[in-house]
Amino acid sequence: MKVRNRFIAFGALWCGFVTLPAMAATFEVPRSFEIMYVDLESAGHFGNDFKVDIDEGQHQIVVRFNKLLRSGGDTQKYQSEPIVLDLQFEKNTYFTLKAPYISTQKQAEANAKDPQFTIYDNVNGQDVDYKQQSLKTKSGLQNTRDFVTEIERLTAKNSPSNTNSGSGSGSGSGSGPVPAPVIMTEDVALEMMQFWYNQSDEVTRKDARIWIADDMYKPTVANIQLEMFQFWFNKADKEAKKALQVWLVE
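These figures come from a predicted structure and were not determined experimentally. (Residues numbered from 1 in each chain as written. Predicted model: local features only at pLDDT ≥ 70, side-chain atom pairs only at ≥ 80, totals over all residues. Heavy atoms only, no water.)

### Overview of helix H4 (residues 189-198)
The criterion, for reference: We call a residue buried when its accessible area falls under 20% of the maximum for its residue type, exposed when it is over 50%, and partly exposed in between, using a 1.4 Å probe and counting protein chains only. Only DSSP runs of H or I with at least four residues qualify as helices, and only runs of E with at least two residues qualify as strands; both kinds are numbered from the N terminus onward. It is the directions from the helix axis to the C-beta atoms that the arc portrays. Here, residues are in contact when the closest pair of their heavy atoms is within 4.5 Å.
For H4, the complete set of buried residues consists of Ala189, Met192, Met193, Trp196 and Tyr197. Axial view of H4: buried residues confined to an arc of 135 degrees, hence all on one face. On its buried side, H4 packs onto helix H5 (202-213), helix H6 (224-235) and helix H7 (238-249).

### Notes on H5
What counts is decided by this rule: The span you would expect from a helix comes to 1.5 Å times its residue count less one.
Over its 12 residues, H5 extends 17 Å from the first C-alpha to the last, a length consistent with the 16 Å expected when each residue adds 1.5 Å. When we look at burial in H5, the residues that qualify are Thr204, Arg205, Asp207, Ala208, Trp211 and Ile212. All buried residues of H5 lie within an arc of 160 degrees about the axis, which places them on one face of the element. In H5, the exposed positions that point more than 90 degrees away from the buried face belong to Glu202, Lys206 and Ala213. Structurally, H5 contributes buried residues whose contacts are with H4, H6 and H7.

### Notes on the packing of aromatic side chains
What counts, and what does not: Here a pair means two rings of Phe, Tyr or Trp (six-membered ring of Trp) with centres within 6.5 Å. Their orientation is stacked below 30 degrees between planes, edge-to-face above 60, and tilted elsewhere. Counted as over-ring charges are cases with an Arg CZ or a Lys NZ within 6 Å of the ring centre that also lie within 35 degrees of the ring normal.
Overall, the coordinates contain 12 aromatic pairs when judged by the stated rule. Note on Phe229 and Phe233: the rings are 6.4 Å apart at their centroids and 20 degrees apart in plane angle, and the pair reads as stacked. Note that Phe229 and Phe233 are positioned in helix H6 at a spacing of 4 residues, about one turn of the helix. An identical accessibility class is assigned to Phe229 and Phe233; each is buried. Each residue in the set Phe33, Phe65, Tyr78, Phe117 and Tyr130 is aromatic and connected to the rest through ring pairs, giving one cluster. The ring of Phe50 has Arg31 sitting right over it, with the charged end atom 4.1 Å from the ring centre.

See the structure below:
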């Protein structure tokens, strides 16, 4: 009887395994890019800002260029408009986004007008065909934008921009140049630190608090939330940093 019960238990466990959804494909971007959404869900549900594991099939992945760049004698955060990619993943696919190296604001602005990158299949060693669309540039603070709603409108079946979307390796999007994204230069360090802290998970928040107290501390996580928090903390003056510390203990 014990042997029979063991077989039944093993059979139930095996059925549970075989019915689990398998993550059959991977998509990865370089650290100068950020994966924002997979099928309009946060990339964090599938991995992190730089690498996600997904099911085989058709997927919509939203990425953007996101890097600290030198402009004159200053360093500023530069973010492109979100780029919507339509990709077909087969079983065991491993796609990597490959882009030219960009180190200056001028290069970033030129690339924003005509995004240059390829999607490379690491399994068969070939470039991948894809479709892309870019959101239109909007002025003002970018953290107040509802990107999901904008993406839904952009990719709606009846959207005129859908007929102008680019396709293929390295193709552009839309008809005509895309305006350069706005670089935020307002003195909003405290607001931005609070925003990115609130966007973080508990592990990232803990790393951020330790890092504030000890700048030699090596964070255990690597994501856009922590990177942006550190960026704005380094940009903040003493009063903003003090106000942040008070806010954190409230």
